[in-house]
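Read off the chains here:
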Amino acid sequence: MKNLSKFVLIFGAMAMIACGEKKEKEADEETTIGNTSTEETTQTREAASTDASDADVVEITIEGDDQMRFNMDEIKVKAGQTVRLTLKHVGQMDKNQMGHNWVLLTQGTEISEFGMEAMDAKDNDYIPEGTDQVIVHTKMLGGGESDTIEFEAPEAGTYDFICSFPGHYSLMKGKFIVE
């Protein structure tokens with residue numbers, strides 16, 4: 001009976017320690033989640049400077065998944081700022097099945113027409129060769145991959161961004177607003 005009591009005491013102490021670690025982990029996760037800006041949770045991202053000494057550089061991370069969705073559909077920056085944009089494919093599917101890229105289009109580009117042209121550009125990451133409708137784009141990514149590009153925000157206005165993988169542009173799109 002003494003051994004059973006010792007076992008219960010030891011097991012109880014281990015459970016309390018484990019629960020304490022779990023609560024700390026949950027608190028850390030809540031802190032991380034709590035630091036997510038309101039703009040991001042409403043799928044809007046207003047880009048912020050990386051630090052005071054680097055006021056003209058903004059860091060943006062956008063995610064694409066296996067359900068053909070970007071995690072944000074609006075990004076706001078200031079004209080002339082240097083934008084450092086990272087696309088992360090958070091899904092698991094191969095790029096030949098569920099590839100994603102991030103393509104910033106010039107103003108006035110008809111998305112569906114561009115998407116139809118892009119279908120024929122598989123060998124160029126679904127970016128039509130010689131097009132003047134693309135300001136900048138990432139490479140095509142498969143699940144678990146990421147790509148970072150850096151560019152200067154164009155003049156003030158509203159621009160469309162899409163994934164140009166065949167058929168994705170109807171769901172994977174958003175507005176890039178330059179103020």
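Rules and cut-offs
Residues numbered from 1 in each chain as written. Predicted model: local features only at pLDDT ≥ 70, side-chain atom pairs only at ≥ 80, totals over all residues. Heavy atoms only, no water. Helix = DSSP H or I, 4+ residues; strand = E, 2+ residues; numbered from the N terminus. Buried < 20%, exposed > 50% of the residue type's maximum accessible area, 1.4 Å probe, protein only. Contact = heavy atoms within 4.5 Å. Areas by Shrake-Rupley, 256 points an atom, 1.4 Å probe, with all protein chains shown as cover. pLDDT = per-residue confidence, 0-100. Pairing = 2+ DSSP bridges. Axes fitted to C-alpha atoms, helices over the stretch in contact; angles between N-to-C directions. Phe/Tyr/Trp six-rings, centres within 6.5 Å; stacked < 30°, edge-to-face > 60°. Salt bridge = Lys/Arg side-chain N within 4 Å of Asp/Glu carboxyl O. Polar contact = N/O pair within 3.5 Å; in protein donor to acceptor, adjacent residues only side chain to side chain.

A.B. asks: Just checking my understanding: could you explain the overall build of the protein chain for this structure?
C.D. replies: Looking only at helices and strands, the protein chain features four helices and nine strands. In sequence order, the secondary structure elements of the protein chain are arranged as α-α-β-β-β-β-α-β-α-β-β-β-β. The buried share of the protein chain, taken over its 179 residues, is 36%. Considering only contacts within the protein chain whose residues lie at least 6 apart along the sequence, 71% involve residues at least 24 apart. Entry remark: accessible area of the protein chain is about 10,700 Å², with carbon and sulfur atoms responsible for 49%.

A.B. asks: Would you mind showing me how to read the confidence of the model for the protein chain here?
C.D. replies: Low-pLDDT stretches of the model should not have their predicted coordinates read in fine detail. Averaged over the protein chain, the pLDDT score is 80; the fraction of residues at 70 or greater is 69%. Predicted confidence for residues 2-53 stays below pLDDT 50, and this span has 32 contacts to residues more than four positions away or in other chains.

A.B. asks: What is the right way to look at the sheet that holds strand β2 (residues 57-64) in this model?
C.D. replies: Strand pairing in a sheet takes place through backbone hydrogen bonds and is either antiparallel or parallel in direction. With mixed pairing, three strands are arranged side by side in an open sheet as β2-β4-β7. Among the strands making up the open sheet, the edge pair consists of β2 and β7 (146-152). If you compare each strand with its neighbour and ignore which way they point, the axes differ by 20° on average.

A.B. asks: Whenever I open this one, the packing of aromatic side chains confuses me. Can you help?
C.D. replies: Here the structure, examined in full by the defined rule, presents six aromatic pairs. Taking 5.3 Å as the distance between ring centres and 65° as the angle between the ring planes, the aromatic pair formed by Tyr126 and Phe165 counts as edge-to-face. With Tyr126 in the loop between α4 (111-119) and β6 (134-137) and Phe165 in the loop between β8 (157-162) and β9 (173-178), this residue pair connects regions lying 39 residues apart in the sequence. Since its relative accessible area comes to 8%, Phe165 is described here as buried. By way of ring pairs, the aromatic residues Phe70, Trp102, Phe151, Phe161 and Phe176 are connected into one cluster.

A.B. asks: Explain the pattern of salt bridges to me, please; I cannot follow it from the model alone.
C.D. replies: Close approach of charged atoms allows side chains with opposite charge to pair. Within the structure shown, the criterion is met by four salt bridges. Residues Arg84 and Glu59 are paired through a salt bridge, measuring 2.5 Å at the closest nitrogen-oxygen approach. Taken together, the residues Arg84 in strand β4 (residues 82-89) and Glu59 in strand β2 connect sequence positions 25 residues apart. Its relative accessible area of 23% is what places Arg84 among the partly exposed residues. Ionic pairing is found between Asp160 and Lys175, a salt bridge with its closest N-O pair at 2.6 Å. Linking Asp160 in strand β8 with Lys175 in strand β9, this pair joins segments that are 15 residues apart in sequence. Taking the relative accessible area as the measure of exposure, Asp160 reaches 15% and is therefore buried. When its relative accessible area of 36% is taken as the criterion, Lys175 is described as partly exposed. Through salt bridges with shared partners, a single network forms among Glu59, Arg84 and Glu150.

A.B. asks: Looking at this structure, I do not really get the environment of Thr106. What am I missing?
C.D. replies: With respect to the secondary-structure elements, Thr106 resides in the loop between β5 (103-105) and α4. Taking the C-alpha atoms as reference points, Thr106 and Pro154, separated by 48 residues in sequence, lie 9.3 Å from one another. Setting aside anything within four residues of it in sequence, one finds Thr106 in contact with Asp132, Gln133, Val134, Ile135 and Tyr159. Only 2.8 Å separates the side chain of Thr106 from the side chain of Thr109, close enough to count as a polar contact.

A.B. asks: Got a minute to help me understand the environment of Met172 in this structure?
C.D. replies: The topology assignment puts Met172 in the loop between β8 and β9. Accessibility expressed as a relative area gives 0% for Met172, which makes it buried. Along the chain, Met172 and Asn71 lie 101 residues apart, while their C-alpha atoms are 9.3 Å from each other. Beyond its immediate chain neighbours, meaning those up to four positions away, Met172 contacts Gly64, Met68, Arg69, Phe70, His100, Phe161, Ile162 and Cys163.

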